[in-house]
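Observations on the three-dimensional arrangement
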Amino acid sequence: MIFDAHCDVLMKLWLNRTLSFYDSKELHVTLQSLMNINSKVQCFAIYVPERVPEEIRFTAALEMVDLFFEKIVARFPNVKFVQSKADISALADDEIGAMLTLEGCEAIGTNLIKLKTLLRLGVMSVGLTWNWANAVADGAWEKRGAGLTQFGKEVIQQLNEMKRWTDVSHLSEKAFWDVMEIAQFPIASHSNAYLLCPHPRNLRDEQIQAIIRKNGMIGLSFVPYFLSENAEQAAVLDVLRHLEHVCSLGGSRHVGFGSDFDGIETTAAGLENARGYENLINELQKRYSETDVEQFLFRNFYEHLPQ
Ligand SMILES: [Zn+2]
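All figures in this text were calculated on a predicted structure; none of them were measured in a lab.

Details of the pattern of salt bridges
Counted by the stated rule, this structure contains 12 salt bridges. For the salt bridge of Glu 95 with Lys 80, the shortest nitrogen-to-oxygen distance reads 3.7 Å. Remark: Lys 80 occurs in strand β3 (residues 79-81) and Glu 95 occurs in the loop between α4 (85-89) and β4 (96-103); sequence separation between them is 15 residues. Overall, Glu 95 belongs to the buried group, its relative accessible area being 16%. For Lys 80, a relative accessible area of 33% puts it in the partly exposed group.

Written as structure tokens, this is what we have:
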């Protein structure tokens, strides 16, 4: 069983309405590949590309919610919309849970009602920024490197209240630390270890430790340039290096995977699409106990769901 905390299939389905989620060659994550790897929960991020004009971003987000239900959940009887641990444990062996998440609060502008609407539609995790600044905080590439805004604090209070994950992936370092002070359910859905690969999207050891202290989760991504400084040579074993590092910091029950499939142009060797999980599982089984492998692949994220 696998719980993958991040993919960008919805964006691709939104950009090209002719794609089929079942088996499109243009998608890294398809229903066929998820069935092949015995996936149990796949998170689907609503990500509105930055070039979309501000005034239609929320509409774009709603269109992605619509595609999620029309082209993924309603079309296939073995895909079920999940919003809680109870929903996930109710899944039959051949059923896959589809979870809705948001990547970047650009879609809500400065409007808390828009956020609450998305949460009521079933968004279970909210990434505060993409790489630039927005009304909530600064992203990892924003030179200014500012922290959370007052509105950002209100966003997190809302997430705490409605028991949803606050996703710190993509945040500036300052914003990360501001978030850690108030978020009750922090995760980094798709980030790796900075010590092994110094990229601004990765987490420093102190950040990894802070997430662990807050009983949060880190989803290791398969993004070549977050895995290795020699991104062209990134491969399955690099994921293992990052995993081992998080474990060495005490994170063996706070680490899982958030592939970022369909959000990346290039892929790591052996992880060309969701079926690459088979290669990762093979390597995990060589190094870790059955219990550990199950925790990394599925249980850690599952157990840390806020509801
Ligand atoms: Zn991302």
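Further notes follow.
Topic: the side chain of Thr 166
Here Thr 166 shows up in strand β6 (residues 165-167). Taking relative accessible area as the criterion, Thr 166 reaches 0% and is therefore assigned buried. Those residues within four positions of Thr 166 in sequence are excluded, and the remaining contacts are Val 126, Leu 128, Ile 156, Leu 159, Val 179, Ala 183, Phe 185, Pro 186 and Ile 187.

Digging into the pairing of strand β8 (residues 217-220)
Burial along β8 is two-sided: Met 217 and Gly 219 and Ile 218 and Leu 220, pointing in opposite directions, are all buried. Pairing between strand β7 (residues 186-188) and β8: 2 bridges, direction parallel. Looking at the pairing, Ile 187 lines up with Met 217 of β8. Chirality of the crossover, the property in question, places the unit of β7, helix α8 (residues 205-213) and β8 among those that are right-handed. Relative to strand β9 (residues 255-257), β8 runs parallel, the two sharing 3 bridges.

Cut-offs used in this document
- Residues numbered from 1 in each chain as written.
- Predicted model: local features only at pLDDT ≥ 70, side-chain atom pairs only at ≥ 80, totals over all residues.
- Heavy atoms only, no water.
- Salt bridge = Lys/Arg side-chain N within 4 Å of Asp/Glu carboxyl O.
- Helix = DSSP H or I, 4+ residues; strand = E, 2+ residues; numbered from the N terminus.
- Buried < 20%, exposed > 50% of the residue type's maximum accessible area, 1.4 Å probe, protein only.
- Contact = heavy atoms within 4.5 Å.
- Pairing = 2+ DSSP bridges.
- Right-handed = clockwise from strand over helix to strand, strands pointing away.

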